[in-house]
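So the chains spell out like this:
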Amino acid sequence: MNVRSPKSTPPSAALRKKSTTSKSTPKPIPKPTPKPPPKPNRCPCSPGDSTMQIVLASGNRGKLAELQSTLAPLGVELIAQGTLGVPEAEEPHHTFLENALAKARHASAHSGLPAIADDAGLCVDAFGGQPGVTTADYATRFGYPKSDANNVRALLEQMQGVEDRRASMVCTLVALRSATDPEPLVATGRVTGLITRTPVGDQGFGFDPVMFLPAFGKTFAELPTDVKNAHSHRGQAARTMLALIRERWLPGLP
Ligand SMILES: O=c1nc[nH]c2c1ncn2[C@H]1C[C@H](O)[C@@H](COP(=O)(O)OP(=O)(O)OP(=O)(O)O)O1
Ligand SMILES: [Mg+2]
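Residues numbered from 1 in each chain as written. Chains lettered and ligands numbered in written order. Predicted model: local features only at pLDDT ≥ 70, side-chain atom pairs only at ≥ 80, totals over all residues. Heavy atoms only, no water.

### Brief notes about the sheet that holds strand 6 (residues 211–213)
The criterion, for reference: By the convention used here, strands pair only if DSSP detects at least 2 bridges between them. The way it works is that DSSP assigns letters per residue, a run of H or I at least four long becomes a helix, a run of E at least two long becomes a strand, and they are numbered from the N terminus. In this description, contact between two residues means that some pair of their heavy atoms is separated by no more than 4.5 Å. Note on geometry: axes are lines fitted to C-alpha atoms, helical ones only across the stretch in contact, with angles between N-to-C directions running from 0 to 180 degrees.
Overall, mixed pairing links the seven strands, which are arranged 2-1-3-4-5-6-7 in an open sheet. Both edges of this open sheet fall to strand 2 (77–80) and strand 7 (218–219), since each of them pairs with a single strand only. In terms of strand pairing, strand 1 (residues 53–56) meets strand 2 through four bridges, oriented parallel. Looking at strand 2, one finds that L56 is bridged to A80. Strands strand 1, strand 3 (115–124), strand 4 (166–176) and strand 5 (185–195) of the sheet are contacted by helix 3 (residues 96–111), whose axis makes an angle of about 155° with strand 3.

Now the structure itself:
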């Protein structure tokens, strides 16, 4: 109760009364200062009171921009691994999940921070789901130097005369609290489209200029980043990951 009668005046107020005139009416006791609301997104897994930092275990600027944007509502500080001097990790595995886990573990071990990694790729139906986990190096199979433009070029050459143009872009995100975290958070996303016969659009990165989405009548490279994020494999995975991090790493916060 906030209302107090003079009889219930606590000792501290009584002491103050003695130092003034005895006939003066007791001053109202100031209400206790309400506790400040909890500051947002404190890391429950690291000591202290600082905003949680997470290292983004990727050197791909396109991915980083998309993940920064979709994960922004978490209110945590997302730091690109390059900023912390974390070198590129090996990606030797056969599945997106294993490679994402390897990248997250590597970044967490090097930085001492929780980490989120993204392993993604293009799975072409006519090629039995290839190039899959080797998407980033696709051009080098055909003697071209590694680059987004050469990847697109090699793909269009390999798909010359292929009528079935269906392909999926997939993304697996893995988040770890530490390099030895026994309970990684895992989120996946997948979008299906058709590979165009020439590149169209200049936004995005990677295979965006040849990934045509029938629902939009456009390639990913023709869509603004926020529209791509709202529908893409990475956008889906990142929204799932955001919910997982809130639930498991930041309990009790809205
Ligand atoms: O939304 C996308 N739109 C178009 N292309 C995309 C997308 N997402 C991934 N990609 C391509 C880029 C790379 O050629 C490969 C992923 O390879 P992946 O190893 O996961 O990424 P990466 O080596 O570029 O960066 P990092 O491993 O440091 O995260 O698929
Ligand atoms: Mg890679």
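### Remarks on the packing of helix 2 (residues 61–71) against helix 6 (residues 233–248)
To keep things clear, this is the line we draw: Small angles under 35 degrees read as roughly parallel and large ones over 145 as roughly antiparallel, with 65 to 115 read as roughly perpendicular and the rest as oblique. In this scheme, a crossing is called left-handed if the near helix is turned counterclockwise away from the far one by less than a right angle; it is called right-handed if the turn is clockwise. In this classification, the charged set is Asp, Glu, Lys and Arg, the nonpolar set is Ala, Val, Leu, Ile, Met, Phe, Trp, Tyr, Cys and Pro, and all remaining amino acids, among them Gly, are polar.
In the contact formed by helix 2 and helix 6, the axes pass within 9 Å of each other and the chain directions differ by 40°. Classified by the interaxial angle, the pair formed by helix 2 and helix 6 is oblique. Remark: the crossing between helix 2 and helix 6 carries right-handed chirality. Contacts from K63, E66, L67, T70 and L71 in helix 2 reach R234, G235, A238, R239 and L242 in helix 6. A breakdown of the residues in the contact of helix 2 with helix 6 according to their chemical character gives four nonpolar, two polar and four charged.

### Let's talk about the UniProt feature "active site" (unreviewed entry) in the chain
Stated precisely, the cut-off is as follows: UniProt positions are given in the numbering used here, feature names are shortened, and annotations may be inferred rather than shown by experiment. Side-chain atoms alone can form a polar contact between residues adjacent in sequence; in general such a contact is a pair of N or O atoms within 3.5 Å, and within protein one must be able to donate a hydrogen while the other accepts it.
Within this numbering scheme, the UniProt entry marks D119 as carrying the feature "active site" (unreviewed entry). Mapped onto the fold, D119 is located in strand 3. Apart from residues no more than four positions distant in its own chain, D119 is found in contact with K63, E91, T95, F96, N99, A100, K103, V133, V170, C171 and T172. Polar side-chain contacts of D119 include one of 2.8 Å to the side chain of K103.

### Brief notes about the environment of T172
Mapped onto the fold, T172 is located in strand 4. Each C-alpha atom, one on T172 and one on T188, is 4.5 Å from the other, the two residues being 16 residues apart in sequence. Setting aside its immediate chain neighbours within four residues, T172 contacts F96, L97, A100, A117, D118, D119, V186, A187 and T188.

### Side note on the site of ligand 1
What counts here: Note on definitions. A residue lies near a molecule or strand when any single heavy atom of the residue is within 4 Å of it. Methods summary: accessible areas were calculated by the Shrake-Rupley approach with a probe of 1.4 Å, and residue burial reflects only the protein chains presented.
Around ligand 1 sit 21 residues in total, of which S58, K63, K103, D208 and K228 are the nearest. With respect to ligand 1, the side chain of N60 contributes an N or O atom lying 2.9 Å from an oxygen atom. Alone, ligand 1 offers 600 Å² of accessible surface; in the complex the protein occludes 94% of this. Of all the secondary structure elements, the ones that give two or more residues to the shell around ligand 1 are strand 3 and helix 6. Here the residues of the shell around ligand 1 are counted per class, giving five nonpolar, eight polar and eight charged.

### Notes on the pattern of salt bridges
Filter applied, for reference: The term salt bridge refers to a pairing of a side-chain nitrogen on Lys or Arg with a carboxyl oxygen on Asp or Glu at a separation within 4 Å. Partly exposed residues are those whose accessible area sits between 20% and 50% of the maximum for their type, while under 20% is buried and over 50% is exposed, using a 1.4 Å probe and protein chains only.
Going through the model one piece at a time under the given rule, you end up with 15 salt bridges. Between D208 and K228 there is a salt bridge, with its nearest N and O atoms 2.8 Å apart. Pair noted here: D208 is in the loop between strand 5 and strand 6 and K228 is in helix 5 (residues 225–231), with a separation of 20 residues, a long-range link. K228 shares its class with D208; the two are buried. A single network of salt bridges, built from pairs that share partners, joins K63, E66, D118, D208, K228 and R234.

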